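So the chains spell out like this:
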Amino acid sequence: MVSLSIPQSSPLANYLAHSDEIDSALRRCLKSGWYILGQEVASFEKEFAAYLGIAHAVGVANGTDALYLALRACDVAPGDAVLSVSHTAVATIAAIKLCGATPVFVDIDPATFTMDVGRLEETVKNYRGRFKAIVPVHLYGHPAHMTDIMDVAARYDLRVVEDCAQAHGATWEDRKTATFGDIAAFSFYPTKNLGALGDGGAVVTHDGGLADRVRLLREYGWEERYISKSVGINSRLDELQAAILRVKLRHLDEDNSRRISLARLYTAALTDQERITLPQTASEATHVFHQYVIRVAERDSLRNYLRDRGTGTLVHYPVPVHQQPAYAGCFKLYSPLYETEAAAREILSLPLFPEMTGEQLETVVQQLRAITSVRKRRARSKRKQMITPVTRAAF
Ligand SMILES: *Cc1c(COP(=O)(O)O)cnc(C)c1O
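Anyway, here's the lowdown on the structure attached to this text. (Residues numbered from 1 in each chain as written. Predicted model: local features only at pLDDT ≥ 70, side-chain atom pairs only at ≥ 80, totals over all residues. Heavy atoms only, no water.)

Here we look at the packing of aromatic side chains
Summed over all chains, the structure comprises 12 aromatic pairs. A ring pair is formed by Phe48 and Phe186, whose centres lie 4.9 Å apart and whose planes are at 80°; its orientation type is edge-to-face. Of this pair, Phe48 sits in helix H3 (residues 39-52) while Phe186 is found in strand E10 (residues 183-187), placing the two residues 138 residues apart along the sequence. Accessibility expressed as a relative area gives 0% for Phe48, which makes it buried. Between Phe113 and Tyr140 the ring centres are 5.3 Å apart and the planes differ by 75°, which places this aromatic pair in the edge-to-face class. With Phe113 in the loop between strand E4 (108-109) and strand E5 (114-115) and Tyr140 in the loop between strand E6 (131-134) and helix H7 (146-156), this residue pair connects regions lying 27 residues apart in the sequence. Three or more aromatic residues joined by ring pairs form one cluster here, namely Phe44, Phe48, Phe186 and Phe188. The ring of Phe180 carries the charged tip of Arg175 above its face, separated from the ring centre by 4.1 Å. For Lys176, the ring lying beneath its charged end belongs to Tyr51, and the centroid distance is 4.3 Å. (Phe/Tyr/Trp six-rings, centres within 6.5 Å; stacked < 30°, edge-to-face > 60°. Helix = DSSP H or I, 4+ residues; strand = E, 2+ residues; numbered from the N terminus. Buried < 20%, exposed > 50% of the residue type's maximum accessible area, 1.4 Å probe, protein only. Lys NZ or Arg CZ within 6 Å of the ring centre and 35° of its normal.)

Structural notes on the site of the ligand
Taken together, 15 residues surround the ligand, and among them Gly63, Thr64, Gln166, Ser187 and Lys192 come closest. Gly63 places a main-chain nitrogen or oxygen 2.7 Å from an oxygen atom of the ligand. In isolation the ligand offers 380 Å² of accessible surface; the protein chains occlude 89% of this area. Sorting the residues of the shell around the ligand by element identifies helix H4 (63-73) and helix H5 (90-98) as the ones contributing at least two each. Counting residues per element, the shell around the ligand draws most heavily on H4, which supplies 3 residues. (Near = heavy atom within 4 Å. Polar contact = N/O pair within 3.5 Å; in protein donor to acceptor, adjacent residues only side chain to side chain. Areas by Shrake-Rupley, 256 points an atom, 1.4 Å probe, with all protein chains shown as cover.)

Thoughts on the pairing of strand E1 (residues 56-60)
The side chains of a regular strand alternate between the sheet's two faces. The buried count for E1 comes to 4 of 5 residues, which makes it a mostly enclosed element. For E1 and strand E11 (residues 201-205), the ladder comprises 5 bridges, and the chain directions are antiparallel. Residue pairing across strands places Val58 opposite Val203, the latter belonging to E11. (Pairing = 2+ DSSP bridges.)

A few points about the pairing of strand E7 (residues 159-163)
The element E7 is largely enclosed, with a buried count of 4 among its 5 residues. Pairing of E6 with E7, which is carried by 2 bridges, proceeds in the parallel orientation. Looking at E7, one finds that Ile134 is bridged to Val160. In this view, the connection linking E6 to its parallel neighbour E7 by way of H7 has right-handed handedness. Where E7 meets E10, 3 bridges bridge the pair, whose relative direction is parallel. When the bridges of E10 are listed, Asp163 appears paired with Ala185. (Right-handed = clockwise from strand over helix to strand, strands pointing away.)

Given below as structure tokens:
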């Protein structure tokens, strides 16, 4: 295995940047003697809700559970159809399946990699199905088109469950994502913009009734201890993770600003590269760059080329959910997913994390420019020996 001098992301760097605060929060929590659903979780829930400008937050064990519990709270049940996208983390769709519902995939808008609202409306209008809810995904930190999605939801009486796992702090028309739909789900997986040092998640909502349902369902459906009112699960955020998240939440805005500045630097440095398509931001959006995703033909050889030079990249995600073996035959499609399938072939997530230095970014840019400018240089100078075999195979 090649060791990478520039990782694609670094939860370690983020821990080190705040280690004094995190270590003392952990010590406080360890000494309290209370490790499940105590003061840290209650405080984090309050602070996270206040940050988002929403009434209720409920800490849960991870992002998949957050989506599942949010859907359950909205009464999504077997026989229901739930509209979402195939270009997402498989967790989005796993949560729909866990409810016994059928995912219905809508293609994406290639400019923002989020749900194509024209296709959404076409599907709801033209096909009969027990459409119950829409799960828009704010992928890579770019919000889905929430104005139009809420409009479709209102006209066809559908619930909206926002998947905010990649969009902590992102805004649409100056409002935070998670505040548009009926309910929203977050993940605090370590690499997310707000990341725990282990698993964690939250469900947030304006609606007290929905929040109460999630509180019941996250702990065996207990209304009072040991008496289950509905069939719930165990999905609790633990005190240690909540203590860590309280520290990291205080730094979320500055971390997001750093991500945005790094993204601007990439864009400025690569904008003249005709063979790279750079990420775009809708005018209504604040993109928080959970990922900086470029598109390039010959993506896999570019990825190998960068890895050989110590630069880590990832593909989010290489196989759309509708093409994954576990999901074959258990979803519905009313129109082809051309944009989803094209994106999966071309996308590449470059290194980006708040502690990444300007120098590291410059190194990645130089590596990229060296290979994506190569054809022009060759045409001009005909110095074929300058081009490494990797380069020639790739481009
Ligand atoms: C990470 C992620 C999830 C799932 O979160 P986990 O905490 O890993 O269960 C769901 N949806 C999206 C878009 C994600 O990126």
